[in-house]
Amino acid sequence: MRLGPRQILVLFVIGALGGLAGDQAHVASGATHYIDHSLPFIWRSEIWFPVAVGLGTVSVADLRLRLAPPQAPFDLREAVVGIASVLAIYAITAIVTDEATGSSVLLVTMLAALVAARFADGWPALVCGAAAALFGPAIEIAVVKADIASYGSNVDGLFGVAPWLPMLYFSFGVVVARLAEMASGDCTHG
Amino acid sequence: MRLGPRQILVLFVIGALGGLAGDQAHVASGATHYIDHSLPFIWRSEIWFPVAVGLGTVSVADLRLRLAPPQAPFDLREAVVGIASVLAIYAITAIVTDEATGSSVLLVTMLAALVAARFADGWPALVCGAAAALFGPAIEIAVVKADIASYGSNVDGLFGVAPWLPMLYFSFGVVVARLAEMASGDCTHG
Amino acid sequence: MRLGPRQILVLFVIGALGGLAGDQAHVASGATHYIDHSLPFIWRSEIWFPVAVGLGTVSVADLRLRLAPPQAPFDLREAVVGIASVLAIYAITAIVTDEATGSSVLLVTMLAALVAARFADGWPALVCGAAAALFGPAIEIAVVKADIASYGSNVDGLFGVAPWLPMLYFSFGVVVARLAEMASGDCTHG
């Protein structure tokens, strides 16, 4: 692990809070629905969800730092833009729940391309985005198969999860890669 | 007042026209509805509305110049980006009138964060945004209580006004702070 | 023609693929509907549509290079941002098919203003945008009058086509002008 305890904690909290904020939108709009209620809920999420997003955030950040040396220095404004961009796309996926798949997937894919063009420093960030786009939906497909949660009937076309889900995770992976660089830079100077 | 007569007039007109453009979207989508019709209407707004937005624009601009010296020079392209960003968010609030509150508030809040990251020069702009986020909705709540206008039943959850209203006003305040700097710089060079 | 065969081919393909991606969203959302089925379909478009968009892309690019010397060098990231911005707006026009015209036109117009502020190098790009905003909808109006295709009942208010269509074409024209500059620069260095 290339991250110190403080960096791990900060990235975990950012991921968990972002996951809670986005998931409440998905639940509110009917994009997703929790079938299982055996564990406590925080806001509108069963507790494993923010924990999983937090762990995913730390994992992608660690992957980024293993791929190549960090180059981006810490920049609060840049961090705000990255996090707000991903959460805006998260909210948009909730809002387009009732829309035709062809429209929603095109929009989310183009927004993911804009995020990549803005934040990817090259192949390491794209690898992080691709890894998130692969493993994130794979885990969610397993969650749906296990009847723990489900996607709405208009957004379950990709093995039970939403067709735009890989592109949402891709944006997440690219931005977390940038956050990892910043966190690492912060570590060096701190 | 730190603004000259020409600057006051330009800012008032920008605010009034922007208010008319956004308000027609709110009325068209059913986000808002005028109960009172005792005064003349311009486009789809009762005349006090564009006047109030124009005065609010001048007031926030004056606040910005009292808080700290202006630093941003006049830049037409920057002014277009700022105004178009706020009006795009204004249009989006109209479009999400029928959406779940959790989704629409998350989206508008994240877009407001992007506007702040792009346009805020520091605490003076954030104070202007916060002032607009406080006084704008407060005045609208009074308008609703006075039965002059009302918000739609899906967007009246914040004391009768829309829950995303403070974030829309925040964006407005941050951008007007930047316009105030530009107007002032224009004055110096003119 | 100021473009070489390779530049013409690349621009035609970008335009045709972008047209296909956007048109499937318009068809999926019900914004547009093909009445005529006498020619083969690719994805969800009758074959003349991607051909027309490809030819339009080459025509606007040629116009740009006739107006003024190219100034922007080739930049893959910039090309991605331009193309993704136009296709995101294309997707948004599909998504707002059911919305009030006042809201959707305001949103698309403001997004077009943001594209212009980001990509227009001055009057040549604006002329390309204006030419696209004039001829594109004019051709589509002729297509509708010929009963080859039609717009949905909520988005046919501009002589049978959508009121936001000129602004979508304007964004297209401005970005194609930039792509033309890049393609030309690529030619010089290649």
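Scroll up to find the structure.
Scoring rules and cut-offs
- Here the residue numbers are simple positions, counted from 1 along each chain's written sequence.
- Each chain gets a letter, beginning with A, and each ligand a number, beginning with 1, in the order they are written.
- Residue-level local features of this predicted model are given only where pLDDT is at least 70; pairs of side-chain atoms are given and counted only at 80 or more, and the full residue set underlies all totals for whole chains, interfaces and linings.
- As a convention, hydrogens and water are excluded, and side-chain values are obtained from all of the structure's heavy atoms.
- Salt bridge, as applied in this entry: a Lys or Arg side-chain nitrogen positioned within 4 Å of an Asp or Glu carboxyl oxygen.
- Where helices and strands are cited, they refer to DSSP runs of H or I of at least four residues and of E of at least two residues respectively, numbered from the N terminus.
- Working definition: with a 1.4 Å probe on protein chains only, accessible area under 20% of the residue-type maximum means buried, over 50% means exposed, and in between means partly exposed.
- Multiplying one less than the number of residues by 1.5 Å gives the expected span of a helix.
- Contacts are residue-level and defined by heavy atoms, with any inter-residue pair within 4.5 Å sufficient.
- Buried area is a sum: the accessible area each of two parts loses on coming together, probed at 1.4 Å, counted once for each and added.
- In protein, a polar contact requires one atom able to donate a hydrogen and another able to accept it; more generally it is a pair of N or O atoms within 3.5 Å, and residues adjacent in sequence count only if both atoms are side-chain atoms.
- Residues are grouped as follows: Ala, Val, Leu, Ile, Met, Phe, Trp, Tyr, Cys and Pro are nonpolar; Asp, Glu, Lys and Arg are charged; every other residue, Gly included, is polar.

Looking now at the pattern of salt bridges. For the structure on display, the rule yields 18 salt bridges over all chains. Where arginine 178 of chain A meets glutamate 78 of chain A, a salt bridge forms, and the shortest distance between an N and an O atom there is 3.1 Å. Of this pair, arginine 178 of chain A sits in helix H6 (residues 165–189) while glutamate 78 of chain A sits in helix H3 (residues 76–95), and the two are 100 residues apart along the sequence. The buried category is assigned to glutamate 78 of chain A, whose relative accessible area is 16%. Taking the shortest distance from any N to any O, the salt bridge between arginine 118 of chain B and glutamate 78 of chain B comes out at 2.7 Å. One end of the pair, arginine 118 of chain B, is in helix H4 (residues 101–119); the other, glutamate 78 of chain B, is in helix H3 (residues 76–95), with 40 residues separating them in the sequence. Because the salt bridges share partners, they merge into one network encompassing Arg64, Glu78, Arg118, Asp121, Arg178 and Glu181 of chain A.

Between its first and last C-alpha atoms helix H5 (residues 123–145) of chain C spans 33 Å; for 23 residues at 1.5 Å apiece the expected length is 33 Å, and the two agree. Aspartate 147 of chain C sits one or two residues past H5 of chain C and shows a positive phi near 60°.

Attention shifts here to the interface of chain A and chain B. The partner chain B presents 14 residues to the 17 residues of chain A that form the contact. Summed over both sides, the interface between chain A and chain B buries roughly 1,200 Å², with carbon and sulfur atoms accounting for 73% of that surface. When the buried area of chain A at its contact with chain B is split by residue, Arg77, Ala84 and Ile95 of chain A rank highest and sum to 40% of it. Put simply, chain A and chain B have 0 salt bridges between them. Linking chain A to chain B there are 4 residue pairs in polar contact (both at pLDDT 80 or more). Listed by contribution, the elements that provide at least two residues to the side of chain A that touches chain B are helix H1 (5–29) and H3 of chain A. In terms of residue count, H3 of chain A provides more of the side of chain A that touches chain B than any other element does, 11 residues in total. Of the residues belonging to the side of chain A that touches chain B, the class tally is 12 nonpolar, 4 polar and 1 charged.

So, on to the interface of chain C and chain A. Listed as interface residues are 17 residues of chain C and, on the opposing side, 14 residues of chain A. Across the chain C to chain A interface the summed buried area is about 1,200 Å²; carbon plus sulfur atoms make up 73%. In terms of surface lost to chain A, no three residues of chain C exceed Arg77, Ala84 and Ile95 of chain C, which account for 41% of the buried area on that side. Joining chain C to chain A, the criterion identifies 0 salt bridges. Seen at the junction of chain C and chain A, the total is 4 residue pairs in polar contact (both at pLDDT 80 or more). Elements with a contribution of two residues or more to the side of chain C that touches chain A: helix H1 (5–29) and helix H3 (76–95) of chain C. Looking at the side of chain C that touches chain A element by element, the count peaks at 11 residues for H3 of chain C. Its residues assigned to classes, the side of chain C that touches chain A comprises 12 nonpolar, 4 polar and 1 charged.

Everything listed here is a matter of coordinates, which is why it stays silent on function.
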